[in-house]
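# Understanding the architecture of this molecule
Spelled out from the first residue to the last, the chains are:
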Amino acid sequence: MPQTFAIINQKGGVGKTTTAVNLAAWAAIDGRRVLLVDADPQGNATSGLGINRRKLDLCLYDVLTADMTGGPPAPASEVIVPSCVEGLDVLPATIDLAAADITLASALARETRLRHALVPVQSRYDIIIIDTAPSLGILTFNSLAAAQKCLIPIQCEYYALEGLTQLLDVVRLVQTQVNPSLRIAGVVLTMYDGRVNLSAEVAQEVRTNFRGRVYDTVIPRNVKLAVAPSHGQPVVTFDRNSSGSKRYWMLYKEVFDNA
Ligand code: ATP
Ligand code: MG
């Protein structure tokens, strides 16, 4: 059984995709077999790993809904594509995935479709990382139902803690209703700017609120992390010696050596 992690926070732009892509890339470079599931219709993880979304015929949407839309079955194995990093595959998202919330609204077992879809490909991977959308909709429920652990990136900005109560309520709901073994792996502080007092204050506040559950590794604000996706690469291959790359290596070790 692979370790399956969902990267969640319904707040937008906090570093979910950056964290998912770069943890996945480091894990693959470290020799693990990795699948990144793009459960966000924005498809940032897909394009950030060098996959041209417009050239894809199938995506996660087809895997989740094939039986409902009358189309041919779309097993995950036929939809998964390789990425620009050896050992890292992607179950991609195209804009089609935007219809998932509506299509799945009336579906049977709508929260556990991703979990079931991943079963046939599980033995191929050591680690599965699911990048989620900034919402608490059906796709995020599916992601949490399919995961053993969730990892919550929190941006070191004002309002960082806003919405976290609701997020934790959803995690609890999934635990009681569909996935009792789901655990919070930890909180990761992102976009930390050492020159700004606010970053340190927010980091302190998060550590107080999530005592013992915040990773020691803090991800700094680093321009290479922001530029790498426009080259269709994780920062690890784009500029391995950048501070962003090095910190994601440290985070990778911290998350997966103890997992
Ligand atoms: P969404 O909720 O829209 O999916 P997200 O939580 O996945 O967003 P990202 O896409 O990872 O967030 O990051 C938001 C933006 O900030 C992106 O443009 C990304 O390149 C940039 N970014 C992320 N982390 C950093 C960082 N540590 N330093 C600098 N820029 C960053
Ligand atoms: Mg994202």
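Everything discussed here concerns the structure shown above.
Below you will find a few notes about this structure.

Reading the values: the criteria
Residues numbered from 1 in each chain as written. Chains lettered and ligands numbered in written order. Predicted model: local features only at pLDDT ≥ 70, side-chain atom pairs only at ≥ 80, totals over all residues. Heavy atoms only, no water. Buried < 20%, exposed > 50% of the residue type's maximum accessible area, 1.4 Å probe, protein only. Helix = DSSP H or I, 4+ residues; strand = E, 2+ residues; numbered from the N terminus. Near = heavy atom within 4 Å. Polar contact = N/O pair within 3.5 Å; in protein donor to acceptor, adjacent residues only side chain to side chain. Areas by Shrake-Rupley, 256 points an atom, 1.4 Å probe, with all protein chains shown as cover. 1 Å grid on protein atoms, 1.4 Å probe; cavity = no way out; pocket = protein on both sides within 12 Å on 5 of 7 lines; lining within 4 Å. Sits in = over half its atoms within 2 Å of the grid points. Expected span 1.5 Å × (residues − 1). Arc of directions from axis to C-beta. Contact = heavy atoms within 4.5 Å. Pairing = 2+ DSSP bridges. Axes fitted to C-alpha atoms, helices over the stretch in contact; angles between N-to-C directions. Points joined across faces, edges and corners; volume = space filled by probe spheres on them. Nonpolar A, V, L, I, M, F, W, Y, C, P; charged D, E, K, R; others polar.

## A short note on helix 7 (residues 138–146)
With 9 of 9 residues buried, helix 7 is to be regarded as a mostly interior element. If you check which residues of helix 7 are buried, you get Ile138, Leu139, Thr140, Phe141, Asn142, Ser143, Leu144, Ala145 and Ala146.

## Comments concerning the site of ligand 1
Near ligand 1, the surroundings consist of 18 residues, among which Lys16, Thr17, Thr18, Pro220 and Asn222 are the closest. In the environment of ligand 1, an oxygen atom lies 2.8 Å from a nitrogen or oxygen atom belonging to the backbone of threonine 17. Taking threonine 18, its side chain carries an N or O atom lying 2.5 Å from an oxygen atom of ligand 1. Considered on its own, ligand 1 offers 620 Å² of accessible surface; in the complex 80% of this is hidden by protein. Applying the majority rule of atoms within 2 Å of the grid points places ligand 1 in the largest pocket.

## Considerations on helix 8 (residues 164–177)
Because an α-helix completes one turn every 3.6 residues, residues spaced three or four positions apart along the sequence face the same direction. With 14 residues, helix 8 should reach 20 Å at 1.5 Å per residue; the first-to-last C-alpha distance of 20 Å fits that figure. Turning to helix 8, its buried residues are Leu164, Leu167, Leu168, Val170, Val171 and Val174. Along the long axis of helix 8, the arc covered by the buried residues comes to 155°, so they all point the same way. Exposed side of helix 8, more than 90 degrees from the buried face: Thr165, Thr176 and Gln177 are the residues found there. In the core, the buried residues of helix 8 are packed alongside helix 7, strand 6 (149–155) and strand 7 (183–190).

## Section: the sheet that holds strand 3 (residues 81–82)
Taking strand neighbours across the sheet as the criterion, the 7 strands line up as 3-4-2-5-1-6-7 in an open arrangement whose pairing is mixed. Two strands close off the open sheet at either side, each with one partner strand: strand 3 and strand 7. One ladder, built from 2 bridges, connects strand 3 with strand 4 (residues 88–91); its direction is antiparallel. Bridge pairing in strand 4 links proline 82 to aspartate 89. Along the sheet, helix 7 contacts strand 1 (3–7), strand 2 (34–39), strand 5 (127–132) and strand 6; its crossing angle with strand 5, the most-contacted strand, is approximately 160°. Contacts from helix 9 (residues 197–209) reach strand 6 and strand 7, with the element oriented near 170° to strand 7.

## A few points about the side chain of threonine 140
Looking at the element boundaries, threonine 140 is found in helix 7. Threonine 140 sits in the buried class, given a relative accessible area of 3%. Sequence-distant contacts of threonine 140, defined by excluding residues within four places in its chain, comprise Ile8, Thr132, Ala133 and Ser135.

## Observations regarding the pairing of strand 4
For strand 2 and strand 4, the ladder comprises 4 bridges, and the chain directions are parallel. Note that in strand 4 the partner of leucine 36 across the bridge is valine 90. What sits between strand 3 and strand 4 in their antiparallel hairpin is a turn of 5 residues, with glycine 87 showing a positive phi close to 90°.

## So, the layout of surface pockets
Reported here for the largest pocket is a volume of approximately 510 Å³. Contributing to the lining of the largest pocket are 29 residues, with Gly15, Thr17, Thr18, Met191 and Leu225 lying nearest its centre. When residues of the lining of the largest pocket are traced back to their parent elements, those giving at least two are helix 1 (16–29), helix 2 (44–48) and helix 10 (223–227). The greatest single-element share of the lining of the largest pocket, amounting to 5 residues, is contributed by helix 1. Residue classes in the lining of the largest pocket are distributed as 14 nonpolar, 12 polar and 3 charged. Roughly 150 Å³ of volume is contained in the second largest pocket. The wall of the second largest pocket is formed by Asp62, Val63, Leu64, Ala66, Asp67, Pro73, Ala74, Pro75, Ala76, Arg113 and Ala117. Of all elements in the fold, only helix 3 (60–69) and helix 6 (113–118) reach the threshold of two or more residues within the lining of the second largest pocket. For the lining of the second largest pocket, the per-class residue count stands at 8 nonpolar, no polar and 3 charged.

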